[in-house]
Amino acid sequence: MPAAQFLHTPEGRQIAYHRSAGQGPGIVFLGGFKSDMEGTKALFLEDWAQQQGRAFLRFDYSGHGQSSGAFDEGAIGDWASDARAAITQLTEGPQVIVGSSMGGWIALLICRAMPEKVAGLVTIAAAPDFTEDSMWASFDAGQRAALAQNGRIELPSDYDDGPYVITQRLIEEGRRNLVLRSPLALAMPVRFLQGTADEAVETAVALRLLDHATGPDMRLSLVKGADHRFSTPDCLAMVAGAIAEVSEAARSS
């Protein structure tokens, strides 16, 4: 596999990325919280896009994977800024944005900030506003006090990469980027995908997002028994199918 290339952002961050040439609309994959561009879904979609002759971009947010910076120094706005820079400088024309978990939140911020660059949107277990509605809402008085006093707390992780460090800045900066508290217009074709066995993002979140957002072509698909990874062969095929569907809808509009 070729080595990653690096994009230098206006903020001075170095964003690692892999880009494949192809036809449009291109596909951009936005990964999740503390994940990187080497995950199952990113690599599957890269291979699928190449088979389809489609342009494809995957990258690591700052503090993630091969990009510069420390994870615990970042926040939603930083990572959304990384995504805007990557999409602006590394793609041509409108793109199909595919956002997984936190990447779904960032994808919605992209749709709000630069809708002209979004031909279609596919989210996988989207986690909009999770710093407020999942993290902060679940903290007890002791955790909130520790966060205020120390500027950070540690939460256990379900994965193998150690505890999550949650900073006061992550929470406070997340509040400046909430998408479920104000109108959210999605003019492009949209497909939300959600597993019913997802223990990180409840089905209620997907239903709330569907109810809150407005747009002419928006659908939610629930997969009974699918977990947060959404990476079984059937789930991956469903993601590819959703990309093909929004791409065709975008071409026809």
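Before reading further, recall that the structure is shown in the block above.
Residues numbered from 1 in each chain as written. Predicted model: local features only at pLDDT ≥ 70, side-chain atom pairs only at ≥ 80, totals over all residues. Heavy atoms only, no water.

We now examine the pattern of salt bridges. Oppositely charged side chains can form a pair if their charged atoms are brought close together. Evaluation of the coordinates by the stated rule reveals 15 salt bridges. Measuring nitrogen to oxygen at the nearest pair gives 3.0 Å for the salt bridge that ties Glu 46 to Arg 58. Within this pair, whereas Glu 46 is found in helix α1 (residues 40-52), its partner Arg 58 is found in strand β4 (residues 54-59), the two being separated by twelve residues in sequence. When sorted by exposure, Glu 46 lands in the same class as Arg 58, which is buried. Asp 217 is the partner of Arg 191 in a salt bridge, and the nearest nitrogen-oxygen pair spans 3.0 Å. Here Arg 191, found in strand β9 (residues 190-195), pairs with Asp 217, found in the loop between α7 (203-212) and β10 (218-223); they are 26 residues apart in sequence, far enough to count as distant. The exposure class assigned to Asp 217 is buried, which follows from its relative accessible area of 19%. Here the salt bridges share partners, and the residues they tie into one network are Asp 129, Asp 133, Arg 181 and Arg 208. (Salt bridge = Lys/Arg side-chain N within 4 Å of Asp/Glu carboxyl O. Helix = DSSP H or I, 4+ residues; strand = E, 2+ residues; numbered from the N terminus. Buried < 20%, exposed > 50% of the residue type's maximum accessible area, 1.4 Å probe, protein only.)

Pro 25 follows Gly 24 through a cis peptide bond whose omega is -5°. Along the chain, Pro 25 falls in strand β3 (residues 23-30). Even without being glycine, Ser 101 reaches a positive phi, approximately 55°. For Ser 101, the position within the fold is in the loop between β5 (95-100) and α3 (102-113). Ser 101 sits in the buried class, given a relative accessible area of 12%. Even without a glycine there, the phi angle at Phe 230 is positive, about 50°.

In this structure the tally under the stated criterion is two cavities of 30 Å³ or more. Roughly 40 Å³ of internal volume is contained in the largest cavity. Lining of the largest cavity is provided by Gly 31, Ser 35, Asp 36, Met 37, Phe 59, Asp 60 and Tyr 61. Looking at the lining of the largest cavity residue by residue, the class counts come to three nonpolar, two polar and two charged. Considering only enclosed or pocket space, the second largest cavity measures out at about 30 Å³ in volume. Considering the residues around the second largest cavity, the lining is formed by Phe 33, Phe 71, Asp 72, Gly 74, Val 165, Thr 167 and Leu 170. Classifying every residue of the lining of the second largest cavity by side-chain character gives four nonpolar, two polar and one charged. (1 Å grid on protein atoms, 1.4 Å probe; cavity = no way out; pocket = protein on both sides within 12 Å on 5 of 7 lines; lining within 4 Å. Points joined across faces, edges and corners; volume = space filled by probe spheres on them. Nonpolar A, V, L, I, M, F, W, Y, C, P; charged D, E, K, R; others polar.)

Within the secondary structure, Glu 173 is located in helix α6 (residues 168-175). As a buried residue without a salt bridge, Glu 173 has its nearest oppositely charged side chain in Arg 176, at a separation of 4.9 Å. Filtering out sequence-adjacent residues up to four positions away, Glu 173 remains in contact with Ala 75, Ile 76, Gly 77 and Asp 78. (Lys, Arg positive; Asp, Glu negative; His and termini not counted. Contact = heavy atoms within 4.5 Å.)

Put simply, side chains in a regular strand alternate between the two faces of the sheet. Most of β4 sits out of view: six of its six residues are buried. In β4, alternate side chains face the same way, and those of Arg 54, Phe 56 and Arg 58 on one face and Ala 55, Leu 57 and Phe 59 on the other are all buried. Examined bridge by bridge, strand β2 (residues 14-20) and β4 share four bridges and lie antiparallel to one another. Paired with Ser 20 across the two strands is Phe 56, which belongs to β4. When β3 meets β4, the two strands line up parallel, connected through four bridges. In the strand pairing of β4, Val 28 is matched with Leu 57. Viewed along the sheet, the connection from β3 through α1 into β4 turns out right-handed. (Pairing = 2+ DSSP bridges. Right-handed = clockwise from strand over helix to strand, strands pointing away.)

With that settled, the discussion passes to the sheet that holds strand β6 (residues 118-124). Taken together, eight strands build an open sheet; the order of strands is β1-β2-β4-β3-β5-β6-β9-β10 and the sheet is mixed. What marks the edges here is a single partner per strand, and that holds for β1 (5-8) and β10. Taking the axes of each pair of neighbouring strands and ignoring which way they run, one obtains an average angle of 20° across the sheet. In this structure, β1 lies alongside β2, joined through four bridges in antiparallel fashion. Its bridge partner lying in β2, Leu 7 is registered against Ile 15. Against the sheet, α3 contacts β3, β5 and β6, and its axis sits at roughly 145° relative to β5. (Axes fitted to C-alpha atoms, helices over the stretch in contact; angles between N-to-C directions.)

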